[in-house]
Amino acid sequence: MTDLQLVVHDASEVAAVRDGDGSSASSGLEPIDDGAVAVVDGEIEAVGDSGAITREYPPENAETAIDATGRTVQPGFVDPHTHAVFAGDRSDEFEAKLQGKSYQEIMAEGGGILRTVRATREADDETLLANLLDHLDVMLAHGSTTVEVKSGYGLDAETELRMLEAIERADERHPIDLVATYMGAHAVPEGSDADEYVDEVIDEQLPTVADQGIAEFCDVFCEEDVFSVEQSRRILEAGRAHGLAPKVHAEEFVHLGGTQLAADVGATSADHLLHATTDDVRALIDAGTVPVLLPGTAFGLRTEYADARGMLEEGAPVALATDFNPNCYSHSMGYATTLACVGMRMTPAEALVAATRTAAAAIDRPDGPGRLEVGAPADLCVLDAPSHVHVPYSFGVNRVDTVVKDGEVVHE
Ligand code: NIG
Ligand code: FE
């Protein structure tokens, strides 16, 4: 008989996120009252009524048993968009923004991304790794079990590689599963010409990154005064030729055409989308590109949120992410769900699905984590709360009690 690794029983709710039937953005989410989950070999073996599950899988026979009385079990969060490896501190820019300075003004003065680039280039490998591990610890405590991390604060081959190596090393030693994205085209380095830098990305950085095999995606900041649609297209097509799947930072500050580009190149995701149009959203749906919304960024910049409701009404599978970076300093997917509900009028059920199953699709793991159904990886959180609604409902506090990764308790 196979070893029973874990039984979580008597939960006031098991928020069972399953493959949806596409009928709605929250289809597939089945809240099971008085539920339980059984885990064998790191995979979910059974989900359902606690009485029935514990008869078939007695907690006393399990390596680990968790009595979840009064608590909720949900899938671990999947965070499909972060910039979590960097050095330096930009909290003074938070103060400057509160005084009325815009993100672009700060960037034009050499602050913003370029300031983090200077600090990251100066940091040694151990500092980059230690900083990333610290951020991952906070993310894990907030229930994230799979996290995408981008490079992009190096803007030269050596530092971009060092960032990707930090991600690879962190992945080996931290319980969170990491997904690495190369983003050499995050900004034009100080003193460089944009076209010349695009050539450097294509001719030098991309081949080196691809040779090392340490990135899965290639992302571009397609934005006014950063990379044009044509420059972005060149980079994404070159990335694709090197085996890196495209992602795009699109329509964050202005409507430039990055979303249509994402659809054209068959990107895995298009992210931000604050200024995306209905036609853009339809193009994403036709291309199978997942829209990733980052309400923390809009909140921090005090701008309008992306039109999540409009996208959901078009039938788009909306995903959520933290966008954790020095300009959006939130590690918490739970808080992203609060902002999704309060700022973007998503329902708690839609927000949970967007932060788990659809978020996994945004990093090309549609059959991977982010679900609580038989055969899915046993990545889950036990919440100190009676239902999944309490995650967006209670903001500013962390409701995650216990985190399980591949059936092992990795945080409590
Ligand atoms: O996704 N918009 C571009 N990149 C990041 C911000 C990075 C930074 O300001 O350091 C984002 O929000
Ligand atoms: Fe970003």
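Residues numbered from 1 in each chain as written. Chains lettered and ligands numbered in written order. Predicted model: local features only at pLDDT ≥ 70, side-chain atom pairs only at ≥ 80, totals over all residues. Heavy atoms only, no water.

As a further point, take the UniProt feature "domain: Amidohydrolase-related" (unreviewed entry) in the protein chain. Those places that UniProt annotates as "domain: Amidohydrolase-related" (unreviewed entry) correspond, in this numbering, to residues 73–410. As a span, residues 73–410 carries 44% helix and 17% strand, and end to end its C-alpha atoms are 15 Å apart. (UniProt positions renumbered as here; feature names shortened; annotations may be inferred. Helix = DSSP H or I, 4+ residues; strand = E, 2+ residues; numbered from the N terminus.)

A word on the coordination of the iron ion (ligand 2). The coordination sphere of the iron ion (ligand 2), as far as protein atoms go, consists of H81 (NE2), H83 (NE2) and H249 (NE2), spread over 2.0 to 2.1 Å. Metal-centred angles of 94 to 128° between the 4 donor atoms at the iron ion (ligand 2) mark the site as tetrahedral. (Donors = N, O, S within 2.8 Å, 3.2 Å for Na, K, Ca; no water. Tetrahedral: all angles 85-135°; square planar, octahedral: opposite > 155°, others 65-115°.)

Our focus in this paragraph is the side chain of H249. For H249, the location among the structural elements is in strand β10 (residues 245–250). Separated by 3.4 Å, the side chains of H249 and H83 make a polar contact. When neighbours within four sequence positions are excluded, H249 is seen to be in contact with H81, H83, K150, M183, D219, V220, F221, C222, D271 and H272. (Polar contact = N/O pair within 3.5 Å; in protein donor to acceptor, adjacent residues only side chain to side chain. Contact = heavy atoms within 4.5 Å.)

Despite not being glycine, L273 shows a phi value in the positive range, around 60°. Note on placement: L273 falls in the loop between β11 (269–272) and α10 (278–287). Relative accessible area serves as the criterion here: at 1%, L273 is assigned to the buried category. Located in the positive-phi region is R302, a residue other than glycine, with phi close to 55°. Its place among the elements puts R302 in the loop between α11 (295–301) and α12 (308–314). (Buried < 20%, exposed > 50% of the residue type's maximum accessible area, 1.4 Å probe, protein only.)

Further remarks concern the site of ligand 1. Of all residues adjacent to ligand 1, which total 16 residues, the nearest are R90, Y103, Y153, E252 and D323. Between H83 and ligand 1, the recorded distance is 3.2 Å, taken from a side-chain N or O atom to an oxygen atom. Measuring from an oxygen atom of ligand 1, one finds a side-chain N or O atom of Y103 at 2.7 Å. Alone, ligand 1 offers 330 Å² of accessible surface; in the complex the protein occludes 100% of this. Residues belonging to the shell around ligand 1 are distributed by class as follows: 5 nonpolar, 8 polar and 3 charged. (Near = heavy atom within 4 Å. Areas by Shrake-Rupley, 256 points an atom, 1.4 Å probe, with all protein chains shown as cover. Nonpolar A, V, L, I, M, F, W, Y, C, P; charged D, E, K, R; others polar.)

What follows is about the UniProt feature "binding site: 4-imidazolone-5-propanoate" (unreviewed entry) in the protein chain. The sites that carry the UniProt feature "binding site: 4-imidazolone-5-propanoate" (unreviewed entry) are, in the present numbering, R90, Y153, H186 and E252. Mapped onto the secondary structure, Y153 falls in the loop between β7 (144–150) and α6 (157–173). Judged by relative accessible area, Y153 falls into the buried class, the value being 1%. When you line up the elements, H186 lands in the loop between β8 (177–185) and α7 (194–212). Not counting residues up to four positions away in its chain, the partners in contact with H186 are H83, I113, G152, Y153, L155, F221, V226 and F227. There is a polar contact of 3.0 Å between the side chain of H186 and the backbone oxygen of G152.

Right, let's get into the packing of aromatic side chains. For the structure on display, the rule yields 6 aromatic pairs. Taking 5.7 Å as the distance between ring centres and 80° as the angle between the ring planes, the aromatic pair formed by F299 and Y335 counts as edge-to-face. Of this pair, F299 sits in helix α11 while Y335 sits in helix α13 (residues 333–344), and the two are 36 residues apart along the sequence. F299 sits in the partly exposed class, given a relative accessible area of 43%. What links up through ring pairs into an aromatic cluster is the set F86, Y153, F324 and Y329. The aromatic ring of F217 is capped on one face by K247, whose charged end is 5.0 Å from the ring centroid. (Phe/Tyr/Trp six-rings, centres within 6.5 Å; stacked < 30°, edge-to-face > 60°. Lys NZ or Arg CZ within 6 Å of the ring centre and 35° of its normal.)

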